[in-house]
Amino acid sequence: MTQNFLTVDKDFRLAIVGDLHTHWDHIDLAQFARANYDLLYFTGDLGGGTPDSTLRIAQSIAQLNQPALVMPGNNDTGDIHQLAAELTHQNGMNRLLSITKGTENTQNPISLCGYSQHRINTPHTDIGLIAARPHSMGGVSLSFPEYMEATYGISTLEQSTQRLIDLVDNTDTENLIFLAHNGPQGLGQEPQDMWGCDFKENGGDWGDPDLTDAIFYAREKGKKILAVIGGHMHLRTKQGHERPWKTTIGDTLYINAAKVPRIFQSKEDVHRHHILMTINEQGIQIEEKLIPEYG
Ligand SMILES: [Fe+2]
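Residues numbered from 1 in each chain as written. Predicted model: local features only at pLDDT ≥ 70, side-chain atom pairs only at ≥ 80, totals over all residues. Heavy atoms only, no water.

Turning our eyes to something else, we now look at the coordination of the iron ion. Distances from the iron ion to its protein donors, namely D45 (OD), N74 (OD1), H181 (NE2) and H232 (ND1), fall within the range 2.1 to 2.2 Å. Counting residues between consecutive donors of the iron ion along the chain gives the motif D-x28-N-x106-H-x50-H. Of the two residues, D45 is situated in the loop between strand 3 (39–42) and helix 2 (51–61) and N74 in the loop between strand 4 (68–70) and helix 3 (80–100); the sequence distance between them amounts to 29 residues. In this structure N74 comes out as buried when scored by relative accessible area, which is 13%. (Donors = N, O, S within 2.8 Å, 3.2 Å for Na, K, Ca; no water. Helix = DSSP H or I, 4+ residues; strand = E, 2+ residues; numbered from the N terminus. Buried < 20%, exposed > 50% of the residue type's maximum accessible area, 1.4 Å probe, protein only.)

Now the structure itself:
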């Protein structure tokens, strides 16, 4: 089982970029290039529902000059190998160029995640990142079972739970953060709850049960779950309500980053949304960032 390491020598600064749905371009690249982030996490749904649009956005994300993890969403079910190649290609080119210039870039690459684990080493704490089930559409059954079987060898939710439990067992840090496309089950039944269903009558909890089982398992094993980060269920519901984008239950912070569209016009300017999570000796701080396009 592979594990990527990222070591930071100060506060750990994670940028969380919610579901893109094509809302991403060269201005984002320039803004993130100026920001001092250690890692970017994309919750997924890069494109507009076609494999081509997902690949086009992936080609742009690949030009980031910071490490990034990209979770495939339910809208990103094209050729996963091609998607991975698009994300790593430009990064590989950058690395080649920097070696030629004599300044080898030792940062982690930009890569897909999902059923994978990663690790952050900071001066204050070490944190295991567990990237949960990719392509989740939510609900009580496995999304795209044939695709999931062919791509990940997973054809049931039970198998998915077991894969996540294996990842938890493989961590050697007390502190964990779960990364997901859809959030976990258990955060409410109402359409405007964090992962409540807003597109069927009587709503219901649309969170991922395998993710919840893995979180409970990790707690039983004595792990501290610092945060669970997902998206997918747009913060503005179909009924016009706003879901909460964060909540704390026990010592776990839950974040739904799906501000859709993430690029939007306000009275004064065009704003671009992401969430900044900082982890230092004071604990975790999070803030919404709305970056003005021309500000
Ligand atoms: Fe989604």
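Next comes the rest of the description.
Enumeration over the complete set of coordinates arrives at 5 aromatic pairs. Taking the centre distance of 5.3 Å and the plane angle of 75° together, the rings of W24 and F42 count as edge-to-face. One end of the pair, W24, is in the loop between strand 2 (12–17) and helix 1 (26–34); the other, F42, is in strand 3, and 18 residues separate them in sequence. Under the relative-accessibility criterion, W24 is labelled buried at 5%. Summarising the aromatic geometry, the rings of F199 and W206 are spaced 5.1 Å apart at their centres and angled 90° between planes, so their arrangement reads as edge-to-face. By relative accessible area, which is 41% here, F199 ends up partly exposed. Among the aromatic residues, ring-to-ring pairing joins W24, F32, Y37 and F42 into one connected group. One cation-aromatic arrangement involves R163 over Y115; the distance from NZ or CZ to the ring centre is 5.3 Å. (Phe/Tyr/Trp six-rings, centres within 6.5 Å; stacked < 30°, edge-to-face > 60°. Lys NZ or Arg CZ within 6 Å of the ring centre and 35° of its normal.)

Counted at 1.5 Å a residue, the expected span for helix 6 (residues 209–220) with its 12 residues is 16 Å, and the 17 Å between its end C-alpha atoms agrees. Regarding helix 6, the residues found buried are P209, D210, L211, T212, A214, I215, Y217 and A218. Buried-residue contacts for helix 6 involve helix 5 (157–169), strand 8 (175–182) and strand 9 (224–231). (Expected span 1.5 Å × (residues − 1). Contact = heavy atoms within 4.5 Å.)

Structurally, H273 can be placed in strand 13 (residues 270–280). For H273, the side chain forms a polar contact with the side chain of E288, separated by 3.1 Å. Here H273 is in contact with A257, K259, R262, E288, K289 and L290, once residues within four sequence places are set aside. (Polar contact = N/O pair within 3.5 Å; in protein donor to acceptor, adjacent residues only side chain to side chain.)

Another point: the environment of Y41. Relative to the assigned elements, Y41 resides in strand 3. A residue is classified by how much of its surface remains accessible, and Y41, at 0% relative accessible area, is buried. Here Y41 is in contact with L14, A15, I16, V17, L69, M71, C113, L179, A180, H181 and I229, once residues within four sequence places are set aside.

Within strand 7 (residues 126–131), 5 of the 6 residues are buried, which leaves it mostly tucked inside the rest of the structure. As defined by bridge partners, strand 7 adjoins strand 8 across 5 bridges and the pair is classed as parallel. Across the sheet, residue I127 finds its bridge partner in strand 8, namely N175. (Pairing = 2+ DSSP bridges.)

When two helices pack together, their arrangement is given by the angle between the helix axes and the distance between those axes. As a packed pair, helix 5 and helix 6 sit with axes 9 Å apart at the nearest point and diverge in direction by 30°. Like other packed secondary-structure pairs, helix 5 and helix 6 cross with a definite hand, here right-handed. Across the interface between the two elements, L157, S160, T161, L164, I165, V168 and D169 from helix 5 touch P209, D210, L211, D213, A214, Y217 and A218 from helix 6. A class-by-class count of the residues in the contact of helix 5 with helix 6 yields 9 nonpolar, 2 polar and 3 charged. (Axes fitted to C-alpha atoms, helices over the stretch in contact; angles between N-to-C directions. Left-handed = near helix turned anticlockwise from the far one by under 90°. Nonpolar A, V, L, I, M, F, W, Y, C, P; charged D, E, K, R; others polar.)

In summary, soluble globular proteins display a tendency toward joint burial of nonpolar side chains. In this structure, W24, F42, I61, L64 and F178 are the most contacted members of the largest nonpolar core, which totals 52 residues. When neighbours within four sequence positions are excluded, I61 is seen to be in contact with L20, W24, F42, L46, V70, L87 and I110. (Core = buried A, V, L, I, M, F, W, Y, C linked by side-chain atoms within 4.5 Å.)

To continue, consider unusual backbone geometry. That bond from V260 to P261 is cis: its omega, 0°, falls within 30 degrees of zero. Its place among the elements puts P261 in the loop between strand 11 (252–256) and strand 12 (263–265). A positive phi is found at T22, a non-glycine position, where the angle reads about 75°. Positive phi, normally seen in glycine, also occurs at F144, with a value near 50°. Looking at the element boundaries, F144 is found in the loop between strand 7 and helix 4 (145–152).

Moving on to the pairing of strand 10 (residues 246–249). In this sheet, strand 11 lies alongside strand 10 in antiparallel orientation, the contact comprising 4 bridges. Bridging across to strand 11, T248 finds its partner in L253. In this antiparallel pair of consecutive strands, strand 10 and strand 11, the connection spans 2 residues, and G250 shows a positive phi of 60°.

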